[in-house]
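Each chain is listed here by its residues.
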Amino acid sequence: FCTYKILVVVYTAQAAYILYDEKCREHGCIHFAYGEYGEVPGAWLHTFYMMKSASSLYKIGAAHVSLESYDQAVVYYARSLAILEGIGNQQGVASILSSLGDACQSLGQHHKAADYHARSLAIAVEMDDSQGVAGSLNGLGIAYDNLGQYDKAIGYHSRSLKIEEEHGNRHG
């Protein structure tokens with residue numbers, strides 16, 4: 001039985017509402033909302049539904065990327081971004097900014113891509129998310145490579161590689 005504080009409402013593939021915090025997830029103890037804990041508070045449900053909407057919009061954007069409809073991907077990613085910013089989900093915001101950067105890159109909008117990756121990098125640094133930092137640096141490297149600013153590109157890629165190697169990814 002987990003005694004850690006409940007923090008988050010999550011939706012699983014089986015459509016079960018669950019509550020957990022990071023320590024619960026680490027220890028594998030998840031409690032179903034309509035079992036041990038009764039009703040989920042309204043504010044939690046609102047955040048939950050907003051997260052589901054943002055996730056759905058992101059997935060539609062990703063499907064458009066698969067179809068190489070990058071302009072449509074940008075539209076859906078931007079809508080997801082607005083929701084995530086509204087509810088203060090910084091990790092989600094950083095991830096969507098990176099996806100927006102990638103989509104803009106595919107549209108040949110390299111300056112815009114660099115801007116999105118720079119914003120993602122700032123959030124990843126603030127959150128001390130080394131994987132996010134490395135990914136954002138890599139995105140910036142690609143953007144600057146496409147802009148013909150090769151020294152900047154090498155610098156960003158080198159910083160990304162260093163972080164990856166420091167965290168055990170020997171393949172970069």
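Note that the structure is a prediction, hence the values are computed from the model and not measured.

Student: Help me understand the environment of leucine 97 in this model?
Tutor: Along the chain, leucine 97 turns up in helix α4 (residues 90-106). When residues no more than four places from it in sequence are discounted, the contact partners of leucine 97 are Leu81, Tyr116, Arg119, Ser120 and Ile123.

Student: Can you help me understand the pattern of salt bridges in this one?
Tutor: If the charged atoms of two oppositely charged side chains come close together, the side chains can form a pair. For the coordinates displayed, the defined rule picks out two salt bridges. With its nearest N and O atoms 3.3 Å apart, the salt bridge here joins arginine 119 to glutamate 85. On the criterion of sequence distance, the pair formed by arginine 119 in helix α5 (residues 110-127) and glutamate 85 in helix α3 (residues 70-87) is long-range, its members being 34 residues apart. Of the residues examined, arginine 119 reaches a relative accessible area of 39% and is grouped as partly exposed. The salt bridge partner of glutamate 166 is lysine 162, with a shortest N-O separation of 4.0 Å. Of this pair, glutamate 166 and lysine 162 both sit in helix α7 (residues 150-166), four residues apart, which is roughly one turn of the helix.

Student: In this structure, what is going on with the packing of α5 against helix α6 (residues 130-146)? I would like to understand it.
Tutor: The relative placement of two packed helices is expressed as an angle between their axes plus a distance between the axes. At a minimum axis separation of 8 Å, α5 and α6 run at an interaxial angle of 160°. Taken together, the axes of α5 and α6 are roughly antiparallel relative to one another. Both α5 and α6 take part in a crossing whose hand is left-handed. Across the interface between the two elements, His110, Ala113, Ala114, His117, Ala118, Ser120, Leu121, Ala124 and Val125 from α5 touch Gly132, Val133, Ser136, Leu137, Gly139, Leu140, Ala143, Tyr144 and Asn146 from α6. Of the residues contributing to the contact of α5 with α6, the split by class is eleven nonpolar, seven polar and no charged.

Student: What is the right way to look at unusual backbone geometry in this model?
Tutor: For residues besides glycine, phi is generally negative; the peptide bonds are generally trans as well. With a phi close to 60°, glutamate 68 is a non-glycine residue in the positive phi region. Within the secondary structure layout, glutamate 68 lies in the loop between α2 (42-66) and α3. On the basis of relative accessibility, which here comes to 58%, the residue glutamate 68 falls in the exposed class.

Student: What's the story with the environment of cysteine 104 in this structure? I'm lost.
Tutor: With respect to the secondary-structure elements, cysteine 104 resides in helix α4. When the C-alpha positions of cysteine 104 and alanine 143 are compared, they lie 9.5 Å apart, and in sequence the two are 39 residues distant. Beyond its immediate chain neighbours, meaning those up to four positions away, cysteine 104 contacts Val74, Gln109, Lys112, Ala113 and Tyr116.

Student: Would you mind going over α4 with me for this structure?
Tutor: The periodicity of an α-helix, 3.6 residues per turn, causes residues three or four positions apart to be oriented the same way. In this model, α4 (17 residues) spans 24 Å end to end at C-alpha, consistent with the 24 Å of a helix rising 1.5 Å per residue. Burial analysis of α4 places twelve of its 17 residues in the buried class, the great majority of the element. Residues Gly92, Val93, Ala94, Ile96, Leu97, Ser98, Ser99, Leu100, Gly101, Ala103, Cys104 and Gln105 constitute the buried set of α4. Just downstream of α4 lies glycine 108, where phi reads positive at about 80°.

Student: Could you clarify how one ought to interpret α5 in this entry?
Tutor: Between its first and last C-alpha, α5 extends 25 Å over 18 residues, near the 26 Å set by a 1.5 Å rise per residue. Among all positions in α5, only His110, Ala113, Ala114, Tyr116, His117, Ser120, Leu121, Ile123 and Ala124 are buried. Tucked inside the fold, the buried residues of α5 contact α4 and α6. Downstream of α5 by one or two residues, aspartate 128 has phi in the positive range, about 60°.

Student: Please explain the packing of aromatic side chains as it appears in this structure.
Tutor: Aromatic ring pairs: the centre-centre distance and the angle between the two ring planes describe each pair. Applying the stated criterion across every chain yields a total of two aromatic pairs. Measuring from ring centre to ring centre gives 5.4 Å for tyrosine 58 and tyrosine 77, while their planes differ by 25°; the resulting arrangement is stacked. Separated by 19 residues along the polypeptide, tyrosine 58 in helix α2 and tyrosine 77 in helix α3 bring together distant segments of the chain. On the numbers, 5.6 Å between centres and 20° between planes, the contact of tyrosine 144 with tyrosine 156 is stacked. Highlighted residues: tyrosine 144 in helix α6 and tyrosine 156 in helix α7, separated in sequence by twelve residues. Judged by relative accessible area, which is 15%, tyrosine 144 ranks as buried. The class of tyrosine 156 is buried, set by a relative accessible area of 18%.

Criteria and cut-off values
- Residues numbered from 1 in each chain as written.
- Predicted model: local features only at pLDDT ≥ 70, side-chain atom pairs only at ≥ 80, totals over all residues.
- Heavy atoms only, no water.
- Helix = DSSP H or I, 4+ residues; strand = E, 2+ residues; numbered from the N terminus.
- Contact = heavy atoms within 4.5 Å.
- Salt bridge = Lys/Arg side-chain N within 4 Å of Asp/Glu carboxyl O.
- Buried < 20%, exposed > 50% of the residue type's maximum accessible area, 1.4 Å probe, protein only.
- Axes fitted to C-alpha atoms, helices over the stretch in contact; angles between N-to-C directions.
- Parallel < 35°, antiparallel > 145°, perpendicular 65-115°, else oblique.
- Left-handed = near helix turned anticlockwise from the far one by under 90°.
- Nonpolar A, V, L, I, M, F, W, Y, C, P; charged D, E, K, R; others polar.
- Expected span 1.5 Å × (residues − 1).
- Phe/Tyr/Trp six-rings, centres within 6.5 Å; stacked < 30°, edge-to-face > 60°.

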